[in-house]
Amino acid sequence: MANKAPLRITVIGTGYLGATHAAAMAELGFDVLGLDISAEKVALLERGETPMYEPGLEELLRKHVAGHEGSSGRLRFTTSYEEVGEFGDVHFVCVNTPQKHGEYACDMSYVDSAIDALAVHLHRPALVVGKSTVPVGSAARLAARLAELAPVGEEAELAWNPEFLREGFAVQDTLHPDRIVVGVRSERAEQQLREVYAKPLAEGSPFVVTDFPTSELVKTSANSFLATKISFINAMAEVCEAADGDVAKLAEAIGYDDRIGKKFLRSGIGFGGGCLPKDIRAFMARAGELGASEALTFLREVDSINMRRRAHMVELTRQALGGTLLGTRIGVLGATFKPDSDDVRDSPALNVAGQLHLQGAQVTVYDPKGMENARAIFPTLGYAPSAVEAVRGADVVLHLTEWREFQQLDPAVLGEAVAVRRLLDGRNTLDPALWRKENWTFRALGRPTA
Ligand code: UDX
């Protein structure tokens with residue numbers, strides 16, 4: 001159709017995924033209405049602020065949120081589903097799907113209530129697009145629910161469009177996705193999504209069109225593959241330690257084979273965060289429900305290799321301190337689950353720091369962005385305003401999150417602050433030669449001791 005009005009977009013749920021998606025849609029030129037059930041969050045976003053640290057996101061919000069000087073005015077927020085139903089042609093559902101308390105399975109209650117709340121306000125044809133990570137089979141169930149509750153009936157259509165953004169690169173990953181995957185049931189849904197993503201498609205992002213179950217599985221299998229890659233190299237680190245090998249060299253050498261690739265082969269204390277751990281567990285739980293649990297039993301091993309890393313780091317620290325943690329002082333560099341984020345959810349770094357503290361060590365932590373969140377979870381740990389202050393008087397220093405700032409630390413300066421020049425690298429990103437030159441006893445996971 002020529003000259004038809006541009007699509008109007010809504011984004012339901014303005015957490016990590018939703019806030020980024022809403023700002024990115026405005027950047028792509030659309031009028032966007034974001035919804036959150038929390039009035040506080042809406043007020044924060046309207047001020048151009050975010051509840052989490054994500055490079056470039058606040059700038060992008062201020063560029064588009066109505067009311068900011070010089071903004072495009074294309075982005076607004078609300079708490080009203082009625083307004084969202086009236087406004088939008090395409091509604092993106094971006095609410096979270098956490099792990100259920102005490103179970104592996106995924107908690108679908110936020111997605112379910114978002115669909116229910118939206119559906120009753122759909123009085124004209126609309127496309128509802130799920131982006132949340134969900135158990136396979138959810139889209140088919142939600143499509144039926146949508147058509148049943150919406151006043152327009154079958155004209156309220158569902159599509160699934162998984163999101164692959166990485167924390168720390170969320171804006172970049174959303175504006176320039178390395179692929180766009182859509183699960184659709186009609187030509188119309190596909191065309192509308194091509195219209196939404198016209199810019200990245202013109203830049204060359206591949207567009208994969210498939211059915212509902214495959215689109216849901218793409219996300220969980222991609223995360224399972226990444227988790228497996230990390231646990232694979234961490235298993236090799238265990239073997240290297242037993243055989244006096246060097247896992248960093250091993251990863252470099254196998255990574256030159258482009259069938260293997262060098263990315264996600266950095267050994268250390270393992271993966272954490274709000275996605276990989278819970279996604280592999282939810283995937284196992286869902287496979288069990290489908291009668292395919294055998295296919296994913298290897299993920300149990302991936303999970304336990306990963307969790308073993310944390311315990312191993314604690315044991316190495318105990319060994320380095322002559323067999324006991326009691327009364328020792330430990331300086332910890334890093335609290336977030338990865339750099340360029342303030343996210344401490346299931347963070348291996350904070351988990352290790354916590355275990356050491358609970359076993360009698362005096363632990364002081366420094367993290368460039370994660371201090372506030374870490375303190376909220378672990379108020380009994382010590383916190384220092386800089387790396388040098390965190391290691392002051394320490395019997396051992398632990399490097400647990402691979403912030404660039406830590407790679408630039410001066411071993412001579414830190415050496416003046418500590419009680420003993422002893423460092424354990426839990427992320428394999430520090431240069432052993434540099435530290436050893438300044439007379440540090442340097443030990444890294446899966447690498448030779450000297
Ligand atoms: C992940 C997926 O990468 C992303 O595509 C998906 O949408 C959400 O889940 P994220 O949680 O941001 O993204 O983290 P990611 O960059 O994948 O890192 C996960 C964890 O693995 C971090 O704790 C990181 O430190 C660790 N990691 C990563 C390693 O231990 N070794 C590596 O080689 C790479």
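Residues numbered from 1 in each chain as written. Predicted model: local features only at pLDDT ≥ 70, side-chain atom pairs only at ≥ 80, totals over all residues. Heavy atoms only, no water.

**Overview of the domain arrangement of the protein chain**
Note: interface size is frequently given as the accessible area lost on complex formation between the parts.
So, step 1. Each assigned domain of the protein chain is listed here: domain 1 (8-210) and domain 2 (225-444).
So, step 2. Relative placement of domain 1 and domain 2: their C-alpha centres are 33 Å apart.
So, step 3. Contact residues are listed per partner, giving 16 residues for domain 1 and 17 residues for domain 2.
So, step 4. Taken over both partners, the interface formed by domain 1 and domain 2 buries close to 1400 Å², and the fraction arising from carbon and sulfur atoms is 56%.
So, step 5. For the pair domain 1 and domain 2, the number of links is one salt bridge.
So, step 6. The salt bridge involving R345 is made with E167; its shortest N-O contact spans 3.2 Å.
So, step 7. Applying the counting rule to domain 1 against domain 2 returns eight residue pairs in polar contact (both at pLDDT 80 or more). (Domains from an automatic or database assignment. Contact = heavy atoms within 4.5 Å. Buried area = accessible area lost by both parts, 1.4 Å probe. Salt bridge = Lys/Arg side-chain N within 4 Å of Asp/Glu carboxyl O. Polar contact = N/O pair within 3.5 Å; in protein donor to acceptor, adjacent residues only side chain to side chain.)

**Brief notes about unusual backbone geometry**
So, step 1. Residue D346 is not a glycine yet carries a positive backbone phi of 40 degrees.
So, step 2. One can find D346 in the loop between β9 (329-333) and α14 (348-358).
So, step 3. Residue N439 is not a glycine yet carries a positive backbone phi of 65 degrees.
So, step 4. Summarising the element assignment, N439 is placed in the loop between α19 (432-437) and β14 (441-444). (Helix = DSSP H or I, 4+ residues; strand = E, 2+ residues; numbered from the N terminus.)

**Structural notes on the site of the ligand**
So, step 1. Around the ligand, the surrounding shell holds 21 residues, and the nearest of these are F164, L165, E167, F337 and K338.
So, step 2. Within the contact set of the ligand, an oxygen atom lies 2.9 Å away from a backbone nitrogen or oxygen of R266.
So, step 3. Taking E402, its side chain carries an N or O atom lying 3.2 Å from an oxygen atom of the ligand.
So, step 4. Relative to its unbound accessible surface of 670 Å², the ligand loses 94% to contact with the protein.
So, step 5. In terms of residue count, the dominant contributor to the shell around the ligand is helix α10 (residues 212-243) (four residues).
So, step 6. Residue composition of the shell around the ligand, by class: ten nonpolar, three polar and eight charged. (Near = heavy atom within 4 Å. Areas by Shrake-Rupley, 256 points an atom, 1.4 Å probe, with all protein chains shown as cover. Nonpolar A, V, L, I, M, F, W, Y, C, P; charged D, E, K, R; others polar.)

**Regarding empty space enclosed by the protein**
So, step 1. One pass over the structure, following the stated rule, counts two cavities of 30 Å³ or more.
So, step 2. In this structure, the largest cavity is lined by 13 residues; those nearest its centre are T133, V134, P135, T220 and A282.
So, step 3. Listing elements by their share of the lining of the largest cavity, those giving two or more residues are α10 and α12 (276-289).
So, step 4. It is α12 that provides the largest number of residues to the lining of the largest cavity, a total of five residues. (1 Å grid on protein atoms, 1.4 Å probe; cavity = no way out; pocket = protein on both sides within 12 Å on 5 of 7 lines; lining within 4 Å. Points joined across faces, edges and corners; volume = space filled by probe spheres on them.)

**Structural notes on the pairing of strand β6 (residues 156-160)**
So, step 1. Of all five residues in β6, five are buried, a share of seventy percent or more.
So, step 2. Burial of β6 is two-sided: the residues A156, L158 and W160 facing one way and the residues E157 and A159 facing the other way are all buried. (Buried < 20%, exposed > 50% of the residue type's maximum accessible area, 1.4 Å probe, protein only.)

**A word on the packing of aromatic side chains**
So, step 1. Summed over all chains, the structure comprises three aromatic pairs.
So, step 2. Judged by centre distance (6.5 Å) and plane angle (65 degrees), the rings of F92 and Y197 are edge-to-face. Remark: Y197 occurs in the loop between α8 (187-196) and α9 (198-203) and F92 occurs in strand β4 (residues 90-93); sequence separation between them is 105 residues. Residue F92 shares its accessibility class with Y197, and that shared class is buried.
So, step 3. Arranged with centres 5.0 Å apart and planes meeting at 85 degrees, the rings of W435 and W440 form a pair that is edge-to-face. Grouping residues by exposure puts W435 and W440 together as buried.
So, step 4. The ring of F169 carries the charged tip of R166 above its face, separated from the ring centre by 4.3 Å.
So, step 5. Across the ring face of Y53, the terminal group of K369 is positioned such that the distance to the ring centre comes to 4.5 Å. (Phe/Tyr/Trp six-rings, centres within 6.5 Å; stacked < 30°, edge-to-face > 60°. Lys NZ or Arg CZ within 6 Å of the ring centre and 35° of its normal.)

**Observations concerning the pairing of strand β1 (residues 8-12)**
So, step 1. The buried fraction of β1 is high, at four of five residues.
So, step 2. Pairing of β1 with strand β2 (residues 31-35) involves five bridges; the strand directions are parallel. From the neighbouring strand, V11 faces β2, where its bridge partner is G34.
So, step 3. Between the parallel pair β1 and β2, the chain is carried across by helix α1 (residues 16-27), and the sense of this crossover is right-handed.
So, step 4. Pairing analysis gives four bridges linking β1 to β4, with the strands arranged parallel. Bridge pairing in β4 places V11 opposite F92. (Pairing = 2+ DSSP bridges. Right-handed = clockwise from strand over helix to strand, strands pointing away.)

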